[in-house]
Amino acid sequence: MIHPNFYIYCDMFQKESDKALDWFIRSWSLGGEDKKIAELYKFKHEKKALEYLVKANKFLQESSI
């Protein structure tokens, strides 16, 4: 049985990934410093998404033991 926290962290991963994608798309129409700021927000959300993915993977691995 898969640990319930897997689904929680998987959902949080998806939300942060969606935010990163939104900032990536926004950056297309920006220029200069605004584009760099949008790229920083994208990076921030990608980093957070990866943290949630690692946690979700941990619970998935524990479930298969």
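This text follows the structure it describes.
In this text the structure is predicted, and so the values were computed from the model without any measurement.

## Side note on the pattern of salt bridges
Line of reasoning, step 1. Inspection of every chain in the model, using the stated rule, returns four salt bridges.
Line of reasoning, step 2. We note a salt bridge from D11 to K15, for which the minimum N-O separation is 3.5 Å. Linking D11 with K15, this pair stays in helix α1 (residues 4-28), spanning four residues, or about one helical turn.
Line of reasoning, step 3. The exposure class of D11 is partly exposed, given its relative accessible area of 40%.
Line of reasoning, step 4. Here E16 makes a salt bridge to K19, at a shortest N to O gap of 3.7 Å. Separated by three residues within a single helix, E16 and K19 lie in helix α1, roughly one turn from each other.
Line of reasoning, step 5. The exposure class of E16 is buried, given its relative accessible area of 11%.
Line of reasoning, step 6. Given the relative accessible area of 40%, K19 is considered partly exposed.

Definitions and limits used
Throughout, residues of each chain are indexed from 1 in the direction in which the sequence is written. The predicted nature of this model means local features are confined to residues of pLDDT at least 70 and side-chain atom pairs, given and counted, to a pLDDT of 80 or more, with totals for whole chains, interfaces and linings taken over all residues. As a convention, hydrogens and water are excluded, and side-chain values are obtained from all of the structure's heavy atoms. We define a salt bridge as a contact between a side-chain nitrogen of Lys or Arg and a carboxyl oxygen of Asp or Glu at a distance within 4 Å. Here a helix means four or more residues in a row that DSSP labels H or I, a strand means two or more in a row labelled E, and each is numbered from the N terminus. Each residue is assigned to one of three classes by its accessible area relative to the maximum for its type, calculated with a 1.4 Å probe on protein chains only: buried under 20%, partly exposed between the two thresholds, exposed over 50%.

Coordinates in, geometry out; function isn't part of it.
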